[in-house]
Protein chains: 2
Amino acid sequence: MENDERIELDHGGGGYKSWQLLQEVRGILKSRGDWQNCEDDAAVYDLSHLVIPAPDRVEGKAPAACLPARQGIQSKLVFTSDGFIVDPIFFPGGDIGKIAMCGTINDLSVMGAKPLGISLSIVIEEGFPKKDLLKIIGSINKVSEESGVPVVTGDTKVTPKGKLDKIEITTSGVGITDKIIPNNGINPGDVIITSGDLGEHSVTLLASRFNYKTKLQTDSKPLNKDIEKVKDYLNACKDPTRGGLAANIVEMAEKSKVKIILDETTLPYKKEVIAVSELLGIDIFSLASEGRFIAAVSPDDKGQALAILRKFNPEAKIIGRAEKGSGVYLKTKLSALRPIEMPKGKLIPRIC
Amino acid sequence: MENDERIELDHGGGGYKSWQLLQEVRGILKSRGDWQNCEDDAAVYDLSHLVIPAPDRVEGKAPAACLPARQGIQSKLVFTSDGFIVDPIFFPGGDIGKIAMCGTINDLSVMGAKPLGISLSIVIEEGFPKKDLLKIIGSINKVSEESGVPVVTGDTKVTPKGKLDKIEITTSGVGITDKIIPNNGINPGDVIITSGDLGEHSVTLLASRFNYKTKLQTDSKPLNKDIEKVKDYLNACKDPTRGGLAANIVEMAEKSKVKIILDETTLPYKKEVIAVSELLGIDIFSLASEGRFIAAVSPDDKGQALAILRKFNPEAKIIGRAEKGSGVYLKTKLSALRPIEMPKGKLIPRIC
């Protein structure tokens, strides 16, 4: 009997417990209608069968007469949501508003979509300073301007004092694309790249929570423009937010049915990130980023993809390769293979 | 200086203070990109210019060669979000999951859209009973099955104990339509109809909060199938959730630039709803419903529209009429005109 089971922090951490709970919820919510990729960063709906010249429209199916007009119509709608409850809400390089915008823009972008618009749903604790709210809205607007993605709808609710810790933001987004970049597209032989060093978001937030001074800043940024420039080269792509590199690369490897070997000599973590993680006793592989992507690229394309990426992301590099098999391993400097698993232990709560 | 101003419960209540805050937020978040109707229940994006045969695609504009293939393409994407923090979370006839689904399905439906899919973002307090979560997910699934609208993506976060009151749910939805029903489409001469009696949701929740026994149940239900049957007759439509009939009819009248006269002899409130409201000292016009719509219908169509509606909603009726002018008034039984205004006083928090 599971009747007395309680929700724990790790059910929302992005690791194994989150995955277990999600499977249980999906077991109840079975219908996906005509949607695809519902287990990826965003769900996908093929618009082609909706867009039929009106006079020929027939409920539920496209009559033959419509086909010529539909030729070449390949646009897919991409849809996602992300909830943010971070502590602290203001931190070096950003705030809850910035990461709420980046998180959803990036979930659309890693699917290969051009984000069209964001919905902003805010729950505020009674007594929250209005100037802080307007500062957060200002951050949201800055990301909107930088990314070119407008906030087009939303909702605001207020909860009595003591019933919420300051503020919660849920962003949802819709995007459009002709070509989906799936989570499961890694082929044996592909190289694994990162768009930049990882984990600075988590470490910045934690350091800020403990009043520990560092020079680090959140790595959050909207990725849509970067990914647009290289999307033709990406076989699979994901942004390593909750659960970090470990959770996300393991998920990609499992879905793609490949083995991935990461190279310890090219690990994408700054010295200061490693130092703070060691000080706090946190596994670097589970540190979240809010403005980085990891992707699989065919060996023939790697030079071109990295050359483009490095123009605006000098830290972009190859961190490993895929081969036939299963599992994710870190090849150490001594050439031993250490398994990387989906985080199962206690994760860091409320970082994204 | 507004530096010390704090967020109050009424900033999220759906009345005048909510509207004021929204104007301030919109003043910062100016860009709407190519979206329209951003001040309605859902934002609208015209897909026609996106759907261009791929070989002819040119960044940013449709070349002339594409035009024949686009003829008749009129589909509009509709997008909305709604956050739910209700107390209690289980109440007669429903729970937070049911109203979270109905709220977003209905916001799409009142715009004339067919809902395509829902995104479900949940924030849970650590220690929340898992069986209660699964019960809520079961309610969500029931609405999904009844409405035919799948849950296709989402997010789950967990906040430490004491940092949230049990659970918060944000639903977002995308829908599609060839014809938008705007908030501002009321013409002088139109009649105002309701699909059923109003306010039972608010009263049920309040009675439940105070352990006051009534036979009332929440009126929450998905409206998509009902509205689909009559949408060709509706010039304007809205679901009177937060802020009730008062806030929503005033908004419609202002946007449509018409005067609306409601008739006291046909007020859409059950005796028990009125009785409980009087007992609790609440204005019935600000009571929320979660499964009703109000709409404007041309006089020539009213018979047909009501005949269809009454097949499945026997309470559907005419409650007033629009004429040239401005303001909303209640014509009393003694033929006096009492102004109905957007609620300015303390509203009932956490009912939807």
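Thresholds applied
Counting starts from 1 at the beginning of each chain's written sequence and moves along it residue by residue. Chains carry letters and ligands carry numbers; both start at the beginning, A for chains and 1 for ligands, and go up in the order they are written. Where local features are concerned, this predicted model is filtered to residues with pLDDT of at least 70; where side-chain atom pairs are given and counted, the filter is 80 or more; whole-chain, interface and lining totals use all residues. By convention in this description, side-chain values take in all heavy atoms of the structure and omit both hydrogens and water. The helix count covers DSSP runs of H or I at least four residues long, the strand count covers runs of E at least two residues long, and both are numbered beginning at the N terminus. This radius of gyration counts C-alpha atoms alone. The globule rule is 2.2 Å times how many residues there are, raised to the power 0.38. Relative accessibility thresholds used throughout: buried, under 20% of the residue-type maximum; exposed, over 50%; partly exposed, between the two (1.4 Å probe, protein chains only). Contact criterion: two residues are considered in contact whenever any of their non-hydrogen atoms come within 4.5 Å of each other. Only the protein chains shown count as cover for residues, and all accessible areas are computed by the Shrake-Rupley method using a 1.4 Å probe. Counting rule applied: Lys, Arg positive; Asp, Glu negative; His and chain ends not counted. Charged side chains are reduced to one point each, which is NZ for Lys, CZ for Arg, CG for Asp and CD for Glu. To estimate how far a helix should reach, multiply one less than its number of residues by 1.5 Å. The term salt bridge refers to a pairing of a side-chain nitrogen on Lys or Arg with a carboxyl oxygen on Asp or Glu at a separation within 4 Å. When DSSP finds at least two bridges between two strands, those strands are taken to pair. All axes are obtained by fitting lines to C-alpha atoms, using only the stretch in contact for helices, and the reported angles, taken between N-to-C directions, cover 0 to 180 degrees. Handedness is read with the strands pointing away from the viewer; a crossover is right-handed when the path from the first strand over the helix to the second is clockwise. A least-squares fit on C-alpha atoms brings the copies together, and the residues used are those whose pLDDT is at least 70 in both copies. The split into domains, and so the bounds of each, comes from an automatic or database assignment of domains. The buried area of a pairing is the accessible area, by a 1.4 Å probe, that goes missing from both parts when the two are put together, added over both. As used in this structure description, the phrase polar contact means that two N or O atoms lie within 3.5 Å; if the pair is within protein, one of them must be able to donate a hydrogen and the other to accept it, and residues adjacent in sequence are counted only when both atoms belong to side chains. Only Asp, Glu, Lys and Arg are considered charged in this grouping, and only Ala, Val, Leu, Ile, Met, Phe, Trp, Tyr, Cys and Pro are considered nonpolar; every other residue, Gly among them, is considered polar.

1. Examining the overall build of chain A
Point 1. Counting secondary structure elements, chain A contains nine helices and 14 strands.
Point 2. What you see for chain A is a C-alpha radius of gyration of 21 Å, in line with the 20 Å of a compact globule of 352 residues.
Point 3. Dimensions of chain A, computed from C-alpha atoms along their principal axes, come out at roughly 70 × 55 × 55 Å.
Point 4. Counting every position in chain A, which comprises 352 residues, the buried fraction comes to 61%.
Point 5. Within chain A, counting contacts between residues at least 6 apart in sequence, those at least 24 apart form 83% of the total.
Point 6. Approximately 13,700 Å² of chain A is accessible, and the part contributed by carbon and sulfur atoms is 50%.
Point 7. Distance between charge centres in chain A, computed from 47 positive and 47 negative side chains, equals 2 Å.

2. Details of helix α4 (residues 130-147) of chain A
Working note: α-helix, 3.6 residues per turn, so residues spaced by three or four point in the same direction.
Residue and element names in this part refer to chain A.
Point 1. Between its first and last C-alpha, α4 extends 26 Å over 18 residues, near the 26 Å set by a 1.5 Å rise per residue.
Point 2. For α4, the full list of buried residues reads K130, D132, L133, I136, I137, S139, I140, N141, V143, S144 and S147.
Point 3. Directly beyond the C-terminal end of α4, a positive phi value near 75 degrees is found at G148.

3. Side note on helix α7 (residues 244-256) of chain B
All names here are of chain B.
Point 1. Here α7 contains 13 residues, and its C-alpha end-to-end distance of 18 Å stays within 8% of the 18 Å for a straight helix at 1.5 Å per residue.
Point 2. Extensive coverage of α7 is indicated by the burial of 10 of its 13 residues.
Point 3. Taken residue by residue, α7 has G244, L245, A246, A247, N248, I249, V250, M252, A253 and S256 as its buried positions.
Point 4. Two residues or fewer past α7, K257 is found with a positive phi of approximately 55 degrees.

4. Details of the pattern of salt bridges
Residues and elements named next belong to chain A.
Point 1. Enumeration over the complete set of coordinates arrives at 44 salt bridges over all chains.
Point 2. As a salt-bridge pair, D165 and R350 come within 3.0 Å of each other at their nearest N and O atoms. Separated by 185 residues along the polypeptide, D165 in the loop between β6 (151-159) and β7 (167-177) and R350 in the segment after β14 (337-340) bring together distant segments of the chain.
Point 3. Since its relative accessible area comes to 8%, R350 is described here as buried.
Point 4. In this structure, R321 and E323 form a salt bridge, with 3.3 Å as the shortest nitrogen-oxygen distance.
Point 5. With a relative accessible area of 39%, R321 lands in the partly exposed category.
Point 6. For E323, a relative accessible area of 25% corresponds to the partly exposed category.

5. Observations regarding the sheet that holds strand β11 (residues 294-297) of chain A
In a beta sheet, neighbouring strands pair by backbone hydrogen bonds and run either parallel or antiparallel.
All names here are of chain A.
Point 1. The seven strands lie next to each other as β9-β11-β8-β12-β10-β13-β14, forming an open sheet whose pairing is mixed. Looking at the sheet topology across the chains shown, the edges are occupied by β9 (234-238) and β14. Between one strand and the next, the sheet's axes are offset by a mean angle of 30 degrees, whatever the strand orientation.
Point 2. Note that strand β13 (residues 327-331) and β14 share four bridges and pair antiparallel.

6. What about the pairing of strand β5 (residues 114-125) of chain B?
Residues and elements named next belong to chain B.
Point 1. Most of β5 sits inside the fold, with 11 of its 12 residues counted as buried.
Point 2. Strand direction decides the pairing type here: β5 and strand β7 (residues 167-177), joined by 10 bridges, are antiparallel. Within β7, the position partnered with S121 by the bridge is T170.
Point 3. Strand direction decides the pairing type here: β5 and strand β6 (residues 151-159), joined by eight bridges, are parallel. Each residue of the ladder has a partner; that of I122, found in β6, is T156.
Point 4. With respect to chirality, the unit in which β5 leads through helix α4 (residues 130-147) into the neighbouring parallel β6 is right-handed.

7. A word on the relation of the copies chain A and chain B
Point 1. Relative to chain B, chain A is turned by 180 degrees and slid 0.0 Å along the rotation axis, the superposed coordinates differing by an RMSD of 0.0 Å. A rotation of that kind, with that shift, is consistent with a two-fold axis. In terms of proximity to the rotation axis, the leading residue of chain A is A:L164, whose C-alpha is 2.1 Å off the axis.
Point 2. Most of the interface of chain A is mirrored in chain B: 100% of its interface residues are interface residues there too.

8. Some remarks on the domain arrangement of chain A
All names here are of chain A.
Point 1. Taken as a whole, chain A is organised into domain 1 (39-180) and domain 2 (191-340).
Point 2. If you average the C-alpha positions of domain 1 and of domain 2, the two centres end up 24 Å apart.
Point 3. Counting residues at the interface gives 29 residues for domain 1 and 26 residues for domain 2.
Point 4. Between domain 1 and domain 2, the buried area comes to about 2,100 Å², and carbon and sulfur atoms account for 52% of it.
Point 5. Linking domain 1 with domain 2 are three salt bridges.
Point 6. Here K255 ties to D40 by a salt bridge, and the two come within 3.1 Å at their closest N and O atoms.
Point 7. The tally of links between domain 1 and domain 2 comes to 14 residue pairs in polar contact (both at pLDDT 80 or more).
Point 8. Every element with two or more residues in the side of domain 1 that touches domain 2 is listed here: β3 (90-91), α3 (96-109) and α4.
Point 9. For the side of domain 1 that touches domain 2, the element with the most residues is α3, which contributes eight residues.
Point 10. Grouping the constituent residues of the side of domain 1 that touches domain 2 by class yields 13 nonpolar, eight polar and eight charged.

9. Regarding the interface of chain A and chain B
Point 1. Each side of the interface is counted separately: chain A has 89 residues, and chain B has 89 residues.
Point 2. Summed over both sides, the interface between chain A and chain B buries roughly 7,500 Å², with carbon and sulfur atoms accounting for 63% of that surface.
Point 3. On the chain A side of the contact with chain B, A:I7, A:K130 and A:K157 bury the most area, a combined 10% of that side's loss.
Point 4. Put simply, chain A and chain B have 10 salt bridges between them.
Point 5. Across the pair A:D165 and B:K163 runs a salt bridge whose closest N-O atoms are separated by 3.9 Å.
Point 6. Across the chain A-chain B interface, the total number found is 32 residue pairs in polar contact (both at pLDDT 80 or more).
Point 7. Taken together, the elements giving at least two residues each to the side of chain A that touches chain B come down to α1 (16-28), β1 (43-46), β2 (76-84), β5 (114-125), α4, β6 and β7 of chain A.

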